[in-house]
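Single-letter residue listing:
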Amino acid sequence: MGAGREASISLDGVRDKNVMQLKKLNTALFPVRYNDKYYADAISSGDFTKLAYYNDICVGSIACRLEKKESGAIRVYIMTLGVLAPYRGLGIGTKLLNHVTNLCSKQNISEIYLHVQTNNEDAISFYKKFGFEIADTIKNYYTNITPPDCYVLAKYTSQSQAKK
């Protein structure tokens, strides 16, 4: 990087032609393998799934699924959010999460939630900084990883918390 040059963080959508980037990131970042449905959901979420680039290098991603609740309201499930270790602490994860929360606000989507392994303290504290709270604990959620338990973290972006 040249002297005095600002590092650039940019986001790009995930499409069929670049979904391989998301697959490579997930292999490097997460202890589980994702199936074809995961990638189909990610692509069909449109703007809710993004790749993050640091100086034109793909270093992170957020992948979401849009879900319709019984009430008819849409909620967003964050399937994955990750940044490669050497690029953490540079605001990339923050930019990805802010992108999704801002999109929810613009589209009047009041609920965002995710699952996180109970021992992943870095992720839990990261999400709590953005107003997410532990809503539930699910025993034996994960298979083939230890611990198998997860927390459900949720954030409500408007007053409609009671509409479940």
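Residues numbered from 1 in each chain as written. Predicted model: local features only at pLDDT ≥ 70, side-chain atom pairs only at ≥ 80, totals over all residues. Heavy atoms only, no water.

Visitor: Would you mind showing me how to read the packing of helix H1 (residues 19-29) against helix H2 (residues 36-44) here?
Guide: Between H1 and H2, whose axes approach to 11 Å, the crossing angle comes to 125°. Our classification of the angle between H1 and H2 gives oblique. When you trace H1 past H2, the crossing you get is right-handed. Along its contact with H1, which presents Val-19, Leu-22, Lys-23 and Asn-26, the element H2 presents Tyr-38, Tyr-39, Ala-42 and Ile-43. In terms of residue class, the contact of H1 with H2 is built from six nonpolar, one polar and one charged. (Axes fitted to C-alpha atoms, helices over the stretch in contact; angles between N-to-C directions. Helix = DSSP H or I, 4+ residues; strand = E, 2+ residues; numbered from the N terminus. Parallel < 35°, antiparallel > 145°, perpendicular 65-115°, else oblique. Left-handed = near helix turned anticlockwise from the far one by under 90°. Contact = heavy atoms within 4.5 Å. Nonpolar A, V, L, I, M, F, W, Y, C, P; charged D, E, K, R; others polar.)

Visitor: Whenever I open this one, the packing of aromatic side chains confuses me. Can you help?
Guide: To describe a pair of aromatic rings, you give the distance between the ring centres and the angle between the ring planes. As enumerated under the stated definition, the model contains nine aromatic pairs in all. Seen from their ring centres, Phe-126 and Phe-130 are 5.0 Å apart, and the 55° between their planes marks the pair as tilted. Accessibility expressed as a relative area gives 18% for Phe-126, which makes it buried. Their ring planes at 85° and their centres at 4.9 Å tell us that Tyr-141 and Tyr-142 sit as a pair that is edge-to-face. One cation-aromatic arrangement involves Lys-23 over Tyr-39; the distance from NZ or CZ to the ring centre is 5.0 Å. (Phe/Tyr/Trp six-rings, centres within 6.5 Å; stacked < 30°, edge-to-face > 60°. Buried < 20%, exposed > 50% of the residue type's maximum accessible area, 1.4 Å probe, protein only. Lys NZ or Arg CZ within 6 Å of the ring centre and 35° of its normal.)

Visitor: Just checking my understanding: could you explain the environment of Leu-29 for this structure?
Guide: The topology assignment puts Leu-29 in helix H1. Classification of Leu-29 as buried rests on a relative accessible area of 17%. In this structure the C-alpha to C-alpha distance between Leu-29 and Ser-61, which are 32 residues apart in sequence, comes to 10 Å. Beyond its immediate chain neighbours, meaning those up to four positions away, Leu-29 contacts Gly-82, Val-83, Leu-84 and Arg-88.

Visitor: Would you explain the pattern of salt bridges in this entry?
Guide: Any two side chains of opposite charge can pair, given that their charged atoms come close. Within this structure, the stated rule accounts for nine salt bridges. As a salt-bridge pair, Glu-111 and Lys-69 come within 2.9 Å of each other at their nearest N and O atoms. Of this pair, Glu-111 sits in strand S5 (residues 111-117) while Lys-69 sits in the loop between strand S3 (57-68) and strand S4 (74-83), placing them 42 residues apart in sequence. Look at the salt bridges and you will find they share partners, linking Lys-37, Asp-41, Arg-65, Glu-67, Lys-69, Arg-75 and Glu-111 into a network. (Salt bridge = Lys/Arg side-chain N within 4 Å of Asp/Glu carboxyl O.)

Visitor: Can you walk me through H2 in this structure?
Guide: Restricting attention to buried positions, one finds in H2 the residues Tyr-38, Tyr-39, Asp-41 and Ala-42. Taken down its axis, H2 places every buried residue within 160° of arc, on the same side. Exposed residues lying more than 90 degrees from the buried face of H2 are Asp-36, Lys-37 and Ser-44. Where H2 is buried, its residues contact H1, S3 and S4. If you check the start of H2, you find a side-chain oxygen 3.2 Å away from the backbone N of Lys-37, and it comes from Asn-35. Just downstream of H2 lies Gly-46, where phi reads positive at about 65°. (Arc of directions from axis to C-beta. Polar contact = N/O pair within 3.5 Å; in protein donor to acceptor, adjacent residues only side chain to side chain.)

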